[in-house]
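Observations on the model geometry
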Amino acid sequence: MDFAWNTQKNNMSDIKGLEKEQEREGKISNEEINLDKTHLNYDLVQSSLNLYQRVKKRIDEVRSVSRIQKNSVVDYSNIITVPKDQFEKWGIDKSKEYLKEVYNYFCKEFGAENVISAKVHLDETTPHMHLHFVPVNKDNGKLQARSVMTPGRINKIHTDAPSYLQEKGFNVTRGTGKTEKSLEIHEFKLEKIKDNIKTLENNLKAVESEYEAVKGIKSCIWNIEHLEAKKSFLGGKITLLEKDYNKLVGLAKQGVYNADKIWDLERENKELKSENNSFRESSYKINKNLSAIRSDNTKLKNTIKELKEQGQAMFEILSKHNLIPEATEQLHCMRESQKISNKVLKKSMNFDMER
């Protein structure tokens, strides 16, 4: 089977959303999730902290030697999937063993201290794992996403991970493209972000409406300015009618209350706008990733179609000239010859090492 792996970089503002999705919190819109099986999900990294706290803890450990900014990449979320047809052959136990070995590979590659979560989901149609690691450079101990996850490193993982898994007894080859599962998950994330944006926009409208209502304090100020007051001749005191005095006291109390409420609303308004901008940015990133994934899938389907057509044409030519038995025999001879060559080369290498 292909090594089905997808990775995505995240800022600190992305982590809580990923945590909610991973822990099945909030609104569940993915129809493939069976909440009756959610209790079967488990994390290979034992910790009493949630995902956000784990990321923050690891960042704080390297903060003194790292240059960390608000938009720094602090986490890579990886989805590793057991394809549905392979799951049907393996069953649950071997699928769990496979995901455990994938986890071991990432610990070996990036350092166990940096792999902060490996949540295995068994409540969907196919088993898969959400693995998170903080991109700390093992050479210098600094948070350095650009150095840790280069295009070359990603390409290396696509090759090395299957080799590692083959050594562990799993018949895995380098992946040929994005999996349908990774496409579904990205689409699910996009829909969830859209829902969050809509909720935030509604909250923002409610806050703005309440803020406008609080502006009614201006009318209170107008009432204060138009109170009838008389200056007495004794000690420069001001005299008011009792009803005006009571009105002034009431307005003063309301003014204090409104001032506090304006302060709270302005702060909440600012936080909502900031969070809304963050969600819009995440939505843009996922839209961009989805376009790339769909493009890759289209290219892959076209390549498979071309190979099938070439194979069919070759088969028809061989059949026409009655060459299928001869071609099969030649292919068998070529494979046997390759095996003999490999054995000779191996013996030669062992002889050189002994010398």
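Residues numbered from 1 in each chain as written. Predicted model: local features only at pLDDT ≥ 70, side-chain atom pairs only at ≥ 80, totals over all residues. Heavy atoms only, no water.

This paragraph deals with the environment of K119. With respect to the element layout, K119 can be found in strand β4 (residues 115–121). On the basis of relative accessibility, which here comes to 13%, the residue K119 falls in the buried class. It is 4.2 Å that separates the C-alpha atoms of K119 and D43, two residues lying 76 residues apart in sequence. Side chain to side chain, K119 and E23 meet in a polar contact 3.2 Å long. (Helix = DSSP H or I, 4+ residues; strand = E, 2+ residues; numbered from the N terminus. Buried < 20%, exposed > 50% of the residue type's maximum accessible area, 1.4 Å probe, protein only. Polar contact = N/O pair within 3.5 Å; in protein donor to acceptor, adjacent residues only side chain to side chain.)

Spatially, the five strands line up as an open sheet ordered β1-β3-β5-β4-β2, and their pairing is antiparallel. Looking at strand neighbours, the two that pair on one side only are β1 (4–10) and β2 (42–43), the edges of this open sheet. By the bridge criterion, six bridges tie β4 to strand β5 (residues 128–133) in an arrangement that is antiparallel. Along β5, the bridge assignment pairs H121 with H128. (Pairing = 2+ DSSP bridges.)

For β5, the buried fraction is high: six of the six residues fall into the buried class. Because side chains alternate across β5, one face comprises the buried residues H128, H130 and H132, and the other comprises M129, L131 and F133, equally buried. Where strand β3 (residues 75–81) meets β5, six bridges bridge the pair, whose relative direction is antiparallel. Its bridge partner lying in β5, T81 is registered against H128.

Turning to the side chain of H130, a few remarks are in order. Along the chain, H130 turns up in strand β5. One polar contact links H130 to H128, side chain to side chain, over a distance of 3.4 Å. For H130, the contacting residues outside a window of four places in its chain are E21, Q22, N78, I79, S117, A118, K119 and H121. (Contact = heavy atoms within 4.5 Å.)

Here the focus is helix α3 (residues 84–110). Under the 1.5 Å per step criterion, the end-to-end length of α3 is only 28 Å for 27 residues, more than 12% shorter than the ideal 39 Å. Of all the bends in α3, the greatest measures close to 110 degrees and is centred on G91. Downstream of α3 by one or two residues, G111 has phi in the positive range, about 95 degrees. (Expected span 1.5 Å × (residues − 1). Bend = angle between axes of the 7 residues up to and from the residue.)

One can describe the packing of helix α1 (residues 12–22) onto helix α2 (residues 51–62) by two numbers: an axis separation of 8 Å at closest approach and a directional angle of 145 degrees. Facing α1, whose interface residues are M12, I15, K16, L18, E19 and Q22, α2 presents L51, Y52, V55, K56 and I59. The class makeup of the residues in the contact of α1 with α2 is seven nonpolar, one polar and three charged. (Axes fitted to C-alpha atoms, helices over the stretch in contact; angles between N-to-C directions. Nonpolar A, V, L, I, M, F, W, Y, C, P; charged D, E, K, R; others polar.)

A word on the packing of aromatic side chains. Tallied over the full model, the rule gives eleven aromatic pairs. Geometrically, the ring pair formed by Y98 and F170 is edge-to-face, given 5.5 Å between the ring centres and 70 degrees between the ring planes. Here F170 lies in the loop between α5 (151–167) and α6 (180–214) and Y98 lies in helix α3, a separation of 72 residues in the sequence. Given a relative accessible area of 5%, F170 falls into the buried group. Taken together, F3, W5, Y76, Y105, F106, F110, F133 and Y164 form an aromatic cluster joined through their ring pairs. (Phe/Tyr/Trp six-rings, centres within 6.5 Å; stacked < 30°, edge-to-face > 60°.)

Attention now goes to the nonpolar core. If you look at the biggest cluster of nonpolar residues, it comprises 34 residues, and the most contacted ones within it are F3, I80, Y98, Y103, F106, M129 and L131. Those elements that provide at least two residues to this core are β3, α3, β4, β5, α4 (145–148) and α5. No other element matches the nine residues that α3 contributes to this core. Apart from residues lying up to four places away in sequence, Y98 is in contact with M1, F3, I80, T81, V82, W90, L165, F170 and V172. Membership of the second largest hydrophobic core comes to twelve residues, among which are M12, V55, V74 and I116. (Core = buried A, V, L, I, M, F, W, Y, C linked by side-chain atoms within 4.5 Å.)

Turning next to α1. Think of an α-helix as 3.6 residues a turn; residues three or four steps apart then line up on the same face. Looking at α1, one finds that the buried residues are M12, D14, I15, L18, E19, E21 and Q22. Viewed along the axis of α1, the buried residues span an arc of 160 degrees, placing them on a single side of the element. Directly beyond the C-terminal end of α1, a positive phi value near 60 degrees is found at R24. (Arc of directions from axis to C-beta.)

This paragraph deals with unusual backbone geometry. Here R24, not a glycine, exhibits a phi torsion of approximately 60 degrees, which is positive. With respect to the helices and strands, the residue R24 is situated in the loop between α1 and β2.

For N137, the position within the fold is in the loop between β5 and α4. Side chain to side chain, N137 and Q144 meet in a polar contact 3.0 Å long. In this structure N137 touches K142, Q144, S147 and V148, once residues within four positions along its chain are discounted.

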